Amino acid sequence: MVSALGIGPEATWQACRAGENGIGPITHFDASKFNCRIAGEVKGFDPLNWIDRKEARKMGRFIHFAIAATDFAIQGANLKITDEWSENAGVYIGSGIGGFEIIEREHKILLEKGPDRISPFFIPATIINLASGFVSIRTNAKGPNSAVATACATSTHAIGDAFRIIQRSEADIMICGGAEASITPLGVGGFAAMRALSQRNDEPQRACRPWDKDRDGFIVGEGAGILILEELEFAKRRGAPIMAEVVGYGMSADAYHITSGAEDGDGIYRVMMRALRDAAITPDKIDYVNAHATSTEIGDRLETIALKRCFGEHASKLAISSTKSMHGHLLGGAGGLEAGITVLAMRDQIAPPTINLDSPSEGNDLDFIPHKARPMKIDYSLSNSFGFGGTNGCLIFKRYFE
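To keep things clear, this report deals only with the structure shown in the data block.

Digging into the overall build of the chain
For step 1, the next point in the chain: For the chain, the count of helices and strands is 13 helices and 15 strands.
For step 2, the next point in the chain: Over its C-alpha trace the chain gives a radius of gyration of 20 Å, about what one expects of a compact globule, namely 21 Å for 402 residues.
For step 3, the next point in the chain: Viewed in the frame of its principal axes, the chain has a C-alpha envelope of about 65 × 55 × 40 Å.
For step 4, the next point in the chain: Relative to its 402 residues, the chain shows a buried fraction of 60%.

Below, the structure written as structure tokens:
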């Protein structure tokens, strides 16, 4: 993981379980004229710690994040993709937006200096599948190689699709997840124009507050979350340090509106039910939910409605949190980061908190783990992601027992 909370999975996770906040004033550009001037920036990130200077210039920032997160994941998995395994190892990394900062920079060059001055690396630095492409080249993964761009559901779909690829015996190893780097003038300005972002500029530490009555929008984050999935018997044969099992995956469409679900939360309800059916478990088996909850009024409310409908009486017994309150919303990278956090929560048997939840708004009356992490039994967990266009994804993880 690479996030506003830290560079690397343990740094991110330790900050997350401690309830720390990675949101602060925007430093990537002059945001003084923007109505939202805060974001979840990755601090102290130098791509040259992973990539040589010449190669780094060929990549957008989202690719830098993807490569760094992949290196952390491979180290944690004690994995080296040998020639023997290479054709059975694949990469499936997505992004919601891709190389936005490169697009903005090269467009300015076009207008000011003309088309002959556009970088020859412009296209490969920006297009979404090049995160998977560069990772494949660096890791010797010669199997399935693809990418997905489903807005804020991107990473969850990438992990779920990689899960399906392994189930179909098309690969034994999949490097999967997502990356995003959209804290740019157009990125922030575009979301601000939709009135989707918080304007609590003087209190960045308190700005992202899922389910709270005083929430006023989400906070853009950046970074990456990458997982290594392996076919179970393959992982056991090579002595992999198994952290959890992916056991369920669901997809659905709201088929209602490009930025809002139906008032009964039907699309969210159906995606969770699909994942539960895929995992062949009853709703009461789920202990912890890492919710999509971004800190918008309608989104948080509809997810709560859907959780109550899906889980019935068990909804009140769920431990639910939105870690976006600490690291912001990574858009296409959100599901990967949050899946990683969910797996580490299962490893340590500690559910991370929702910070800034002082006064839940009406109807948001479930157990959202306010302020402080909670030691608890987590055998099954669920992670939700929902994207513009009404596209939904849901993953279910199981604690691994040898």
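Some words on the nonpolar core
For step 1, the next point in the chain: Counting 39 residues, the largest nonpolar core has Tyr-92, Met-174, Leu-229 and Phe-397 as the members making the most contacts within it.
For step 2, the next point in the chain: When contributions to this core are tallied by element, the ones reaching two or more residues are α1 (9-17), α7 (154-167), β7 (173-180), β8 (223-230), β9 (244-253), α13 (334-348), β12 (350-351) and β15 (391-399).
For step 3, the next point in the chain: No other element matches the eight residues that α13 contributes to this core.
For step 4, the next point in the chain: Leave out the neighbours within four places in its chain, and Met-174 touches Gly-90, Val-91, Tyr-92, Pro-144, Ala-162, Ile-165, Ile-166, Leu-227, Ile-228 and Leu-229.
For step 5, the next point in the chain: Core analysis: the next-biggest nonpolar cluster, separate from the first, contains 35 residues, Phe-62, Ile-81, Ala-141 and Ile-175 among them.

What to know about unusual backbone geometry
A negative phi angle is the norm for most residues apart from glycine, just as the trans form is the norm for most peptide bonds.
For step 1, the next point in the chain: Despite not being glycine, Asn-140 shows a phi value in the positive range, around 75 degrees.
For step 2, the next point in the chain: Counting through the fold element by element, Asn-140 comes out in the loop between α6 (130-139) and β6 (145-146).
For step 3, the next point in the chain: With a phi close to 70 degrees, Asn-356 is a non-glycine residue in the positive phi region.
For step 4, the next point in the chain: In this structure, Asn-356 sits in the loop between β12 and β13 (374-375).
For step 5, the next point in the chain: For Asn-356, a relative accessible area of 9% puts it in the buried group.

Let's talk about the environment of Ile-26
For step 1, the next point in the chain: Among the secondary structure elements, Ile-26 is positioned in the loop between β3 (24-25) and β4 (38-39).
For step 2, the next point in the chain: For Ile-26, a relative accessible area of 11% puts it in the buried group.
For step 3, the next point in the chain: The spatial distance from the C-alpha of Ile-26 to the C-alpha of Met-174 is 34 Å, given a sequence separation of 148 residues.
For step 4, the next point in the chain: Once residues lying within four places of it in the same chain are set aside, the contact partners of Ile-26 are Ala-31, Cys-36, Arg-37, Ile-38, Ala-39, Glu-41, Ile-183 and Val-188.

Thoughts on the layout of surface pockets
For step 1, the next point in the chain: If you add up the space inside the largest pocket, you get close to 930 Å³.
For step 2, the next point in the chain: What lines the largest pocket is a set of 33 residues, among which Leu-227, Ile-228, Leu-229, Met-243 and Ala-244 lie closest to the centre.
For step 3, the next point in the chain: Partitioning the lining of the largest pocket into residue classes produces 23 nonpolar, four polar and six charged.
For step 4, the next point in the chain: Put simply, the parts of the chain that give the lining of the second largest pocket at least two residues each are α11 (297-311) and β14 (380-387).
For step 5, the next point in the chain: With five residues, α11 is the largest single contributor of residues to the lining of the second largest pocket.

Considering helix α10 (residues 266-279)
Three or four residues apart is the spacing at which side chains of an α-helix point the same way, because the helix has 3.6 residues per turn.
For step 1, the next point in the chain: Counted at 1.5 Å a residue, the expected span for α10 with its 14 residues is 20 Å, and the 20 Å between its end C-alpha atoms agrees.
For step 2, the next point in the chain: The complete set of buried residues in α10 reads Gly-267, Ile-268, Tyr-269, Val-271, Met-272, Met-273, Ala-275, Leu-276 and Ala-279.
For step 3, the next point in the chain: Where α10 is buried, its residues touch β9, α11, β14 and β15.
For step 4, the next point in the chain: Note on α10: the residue one or two positions beyond its end, Ala-280, has a positive phi of about 60 degrees.

Rules of the game
- Residues numbered from 1 in each chain as written.
- Predicted model: local features only at pLDDT ≥ 70, side-chain atom pairs only at ≥ 80, totals over all residues.
- Heavy atoms only, no water.
- Helix = DSSP H or I, 4+ residues; strand = E, 2+ residues; numbered from the N terminus.
- Rg over C-alpha atoms; globule rule 2.2 N^0.38 Å.
- Buried < 20%, exposed > 50% of the residue type's maximum accessible area, 1.4 Å probe, protein only.
- Core = buried A, V, L, I, M, F, W, Y, C linked by side-chain atoms within 4.5 Å.
- Contact = heavy atoms within 4.5 Å.
- 1 Å grid on protein atoms, 1.4 Å probe; cavity = no way out; pocket = protein on both sides within 12 Å on 5 of 7 lines; lining within 4 Å.
- Points joined across faces, edges and corners; volume = space filled by probe spheres on them.
- Nonpolar A, V, L, I, M, F, W, Y, C, P; charged D, E, K, R; others polar.
- Expected span 1.5 Å × (residues − 1).

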